[in-house]
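Per-entry structural report
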Amino acid sequence: MNTRGLRSQLKDSVPVAGLCPQGSYGIQDSLRSGFTSVKNELLPSHPLELSEKNFVLNQDKMNFSTLRNIQGLHAPLKLQMEYRAARQIQRLPFLQSSNLALDTLRGSDDTIGFEDILGDPAQSEMMGEPHMMVEYKLGLL
C-alpha cells in the first residue's frame, strides 16, 4: 500500500498563496489557524474512515453520473452551478452558516443526521475574535 498517496488524500485543504499557516517569523500562527495536531497527519484508523470522509462527494459524483445518463450533459452542469452559488452564501466569518439553500438543493433539508445533532456551532469550543476574523477575510491583516 502506498502510504504517501493515502496521506495526500487525507489532507482536507489545499495550500493557497497568502493563506499559509506560517506567520511572518516562520512559525505557525495559532491565532488564525488553530493548534496543530499529530492526529491529522496519521493514517486512518479504520478502513472505512476514508470512505465515510468522502461520502457526500462520492454520492454527488454518482448522482451527477446518473443525471447525465438520463437527462444529458446540461442537467449536472446546471446543478453544479446551483451548488456553487449556494455555497457562496455565507454569514460573517465568525458566525456559523446553516447552508439551508445547499441542503435544499441536495434534498437533505428534511432529514436529521449526525452532523445536525453533534455539529451544533453553539456547542463548539472554537470561537475567534469577530473583528480580527472579518479583517482577515477582507484581507486587511
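Residues numbered from 1 in each chain as written. Predicted model: local features only at pLDDT ≥ 70, side-chain atom pairs only at ≥ 80, totals over all residues. Heavy atoms only, no water.

How we decide: UniProt positions are given in the numbering used here, feature names are shortened, and annotations may be inferred rather than shown by experiment.
The name given to the protein in an unreviewed UniProt entry is Proteasome maturation protein, and the organism recorded there is Oryzias latipes. Database annotation for the protein, UniProt heading Sequence similarities (unreviewed entry): "Belongs to the POMP/UMP1 family."

**Structural notes on the pattern of salt bridges**
Here is the rule: What counts as a salt bridge is simple: a side-chain nitrogen of Lys or Arg found within 4 Å of a carboxyl oxygen of Asp or Glu. The helix count covers DSSP runs of H or I at least four residues long, the strand count covers runs of E at least two residues long, and both are numbered beginning at the N terminus. The buried label applies to any residue whose accessible area, calculated with a 1.4 Å probe on protein chains only, is under 20% of its type's maximum; exposed applies above 50%, and partly exposed to all values in between.
All told, the structure shown has 2 salt bridges when counted by the stated rule. One salt bridge connects Asp60 with Arg106, and the closest N-O pair in it is separated by 2.9 Å. Pair noted here: Asp60 is in helix α4 (residues 55-71) and Arg106 is in helix α6 (residues 100-106), with a separation of 46 residues, a long-range link. With a relative accessible area of 10%, Asp60 lands in the buried category.

**Some remarks on the packing of aromatic side chains**
As a reminder of what qualifies: Here the aromatic set is Phe, Tyr and Trp, taking the six-membered ring for Trp, and pairing holds for ring centres within 6.5 Å; pairs whose planes are under 30 degrees apart are stacked, those over 60 apart are edge-to-face, and all others are tilted. Criterion for a charge above a ring: Arg CZ or Lys NZ at most 6 Å from the ring centre, at most 35 degrees from the ring normal.
The full count for this structure, using the stated rule, is 1 aromatic pair. Between Phe64 and Tyr83, the aromatic rings sit 5.8 Å apart at their centres with planes inclined by 45°, giving tilted as the arrangement. Within this pair, whereas Phe64 is found in helix α4, its partner Tyr83 is found in helix α5 (residues 74-88), the two being separated by 19 residues in sequence. Look at Phe64 and you get buried, because its relative accessible area is 14%. If you follow Arg106 out to its NZ or CZ, it ends over the ring of Tyr83, 5.1 Å from the centre.

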